[in-house]
Amino acid sequence: MAAISAKMVKDLREMTGAGMMDCKKALSATDGDMDKAVEFLREKGLAAAAKKAGRIAAEGIVYAVVKDDTKATIVEVNSETDFVAKNADFQAYVAEVAEQTINSANENDMDAFLAETWNKDASKTVADELSSKTAIIGEKLSIRRFQNIQAADGCVVSYIHGGGRIGVLLEAATAVVNDTVKEALKNVAMQIAALKPMYLDRASVSEEFIEHEKEILLAQIKNDPKEAQVYVKAEDGKQSVAQYLADVSKAEGTTITLKSFVRFETGEGMEKKEENFAEEVAKQMGM
């Protein structure tokens, strides 16, 4: 009997969208023959996932969870169409994925994350549940990425724009965490969603990037970190984010310092499939 390697299991999973354990069983049952393993999975009722594996999933939603103001996760789960992205069952599944990611240490290793035991059913992996949802919902689904933040000396806030089109987590150090401070940070998170900044402040920008984008950077930050970005809700249109936070800090008896942010935009950087309805109908009719 042929030895079944981890790479063979991984390749079959990528080809079919089936769970890792199902792929391992299929390869074992077919003596490592990849083509026969695909057929084995189809015969076992995973044909839907197999057929969808090659499709492009570039729609979907970004979802965020914050617990106790200090522990947060943001995740992007993709679907093939915007129609499914708005589906209640899909959105409920994404919320379950977020409950999984918030306790995961595998944000930089998606294969390891997919191999984790699924929180809601210890007999499944995350990949098994993903494959199951793909078959039930009827489109290829993909957990693309997630990132966690744990605030040690302040809080984390989230902001979701456009029903999940864009999501932001923002961490700040502050001795006071109340509704006013969190509202101020949410306003800044809203600004991050709208303006898509690449850096938190002037000190975070590499010299190489400055040289490459010198004219643009000089216009935006004028070599002064406090002028890095004008606060979009400022009444006079001139108040910077730093000045806005300084005002809130003074009023609330604290010092608010931005520490990090994460911004996800659904389908960002992904190729989106151009659908041709007439061609699709003709293909299905064998014309």
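Refer to the structure above for everything that follows.
Calculation notes
- Residues numbered from 1 in each chain as written.
- Predicted model: local features only at pLDDT ≥ 70, side-chain atom pairs only at ≥ 80, totals over all residues.
- Heavy atoms only, no water.
- Helix = DSSP H or I, 4+ residues; strand = E, 2+ residues; numbered from the N terminus.
- Buried < 20%, exposed > 50% of the residue type's maximum accessible area, 1.4 Å probe, protein only.
- Contact = heavy atoms within 4.5 Å.
- Salt bridge = Lys/Arg side-chain N within 4 Å of Asp/Glu carboxyl O.
- Pairing = 2+ DSSP bridges.
- Axes fitted to C-alpha atoms, helices over the stretch in contact; angles between N-to-C directions.
- Core = buried A, V, L, I, M, F, W, Y, C linked by side-chain atoms within 4.5 Å.
- Polar contact = N/O pair within 3.5 Å; in protein donor to acceptor, adjacent residues only side chain to side chain.
- Parallel < 35°, antiparallel > 145°, perpendicular 65-115°, else oblique.
- Nonpolar A, V, L, I, M, F, W, Y, C, P; charged D, E, K, R; others polar.

1. Some remarks on the overall build of the protein chain
Along its length, the protein chain carries 12 helices and 6 strands. Relative to its 287 residues, the protein chain shows a buried fraction of 41%. Sequence-distant contacts, at least 24 apart, represent 61% of the contacts inside the protein chain between residues at least 6 apart.

2. Re the pattern of salt bridges
Here the structure, examined in full by the defined rule, presents 14 salt bridges. With a closest N to O distance of 3.1 Å, glutamate 265 and arginine 263 form a salt bridge. For arginine 263, a relative accessible area of 13% corresponds to the buried category. Through salt bridges with shared partners, a single network forms among Glu76, Arg144, Arg145, Lys196 and Glu268.

3. Let's talk about unusual backbone geometry
Here aspartate 31, not a glycine, exhibits a phi torsion of approximately 55 degrees, which is positive. Within the secondary structure, aspartate 31 is located in the loop between helix H2 (20-29) and helix H3 (34-52). Its relative accessible area of 44% is what places aspartate 31 among the partly exposed residues. Of note in the backbone geometry, lysine 196 takes a positive phi value of approximately 55 degrees without being a glycine.

4. Some details on the sheet that holds strand E5 (residues 166-173)
Strand order in the open sheet formed by 3 strands is E4-E5-E6, with antiparallel pairing between adjacent strands. Strands with a single pairing partner mark the edges of an open sheet, and in this sheet they are strand E4 (154-161) and strand E6 (257-265). Looking at each pair of strands side by side, their axes are set apart by 15 degrees on average, direction ignored. Note that E4 and E5 share 8 bridges and pair antiparallel. Each bridged residue has a counterpart across the sheet, and for tyrosine 159 the counterpart in E5 is valine 168. Sheet strands in contact with helix H8 (residues 179-195) are E4, E5 and E6, and its direction is about 135 degrees off that of E5.

5. Quick notes on the nonpolar core
The biggest cluster of nonpolar side chains holds 21 residues, and the ones touching the most others in it are Val75, Val77, Phe90, Tyr93, Val97 and Ile143. Looking at this core, the elements with two or more residues in it are strand E1 (61-67), strand E2 (71-78), helix H4 (82-85), helix H5 (88-101), helix H6 (110-114), helix H7 (126-137) and strand E3 (142-150). No other element matches H5, which puts 5 residues into this core. Once you skip the residues sitting within four places of it in the chain, valine 75 turns out to touch Ile61, Val62, Tyr63, Val94, Val97, Ala98, Thr101, Ile143, Arg145, Phe146 and Phe264. By size, the runner-up hydrophobic cluster in this structure holds 20 residues, among which are Val157, Val241, Leu245 and Ile256.

6. What about the pairing of E2?
By the criterion of burial, E2 is predominantly enclosed, with 7 of the 8 residues buried. Note that E1 and E2 share 7 bridges and pair antiparallel. By the bridge assignment, valine 66 is partnered in E2 with alanine 72. Between the end of E1 and the start of E2, which pair antiparallel, lie 3 residues, with aspartate 68 showing a positive phi angle near 55 degrees. Alignment of E2 against E3, held across 8 bridges, turns out to be antiparallel. Counted as the bridge partner of lysine 71 is glutamine 150 from E3.

7. Observations concerning the side chain of glutamate 171
Examined against the element boundaries, glutamate 171 turns out to sit in strand E5. Within the local environment of glutamate 171, its side chain forms a polar contact with the side chain of serine 260, the two groups lying 2.7 Å apart. The residues touching glutamate 171, leaving out its near neighbours within four places in the chain, are Ile149, Gln150, Ala151, Ala152, Cys155, Val156, Thr257, Leu258, Lys259 and Ser260.

8. Some points on the sheet that holds E3
Strand order in the open sheet formed by 3 strands is E1-E2-E3, and the pairing between neighbours is antiparallel. Because the sheet does not close on itself, it has two edges, and the strands there are E1 and E3. Mean inter-strand twist for the sheet, computed between neighbouring axes without regard to direction, equals 15 degrees. Sheet strands touched by H5: E1, E2 and E3. Its angle to E2, the strand with the most contacts, is close to 135 degrees.

9. So, the packing of H8 against helix H11 (residues 241-252)
Interhelical geometry of H8 versus H11 gives an angle of 175 degrees and a closest axis separation of 10 Å. Compared by their axis directions, H8 and H11 come out roughly antiparallel. The segment H8 lies against H11, with Thr180, Val181, Ala184, Leu185, Asn187, Val188 and Gln191 engaging Val241, Tyr244, Leu245, Val248 and Glu252. Class assignment of the residues belonging to the contact of H8 with H11 gives a composition of 8 nonpolar, 3 polar and 1 charged.

The quantities given are spatial measurements derived from coordinates; they are silent on function.
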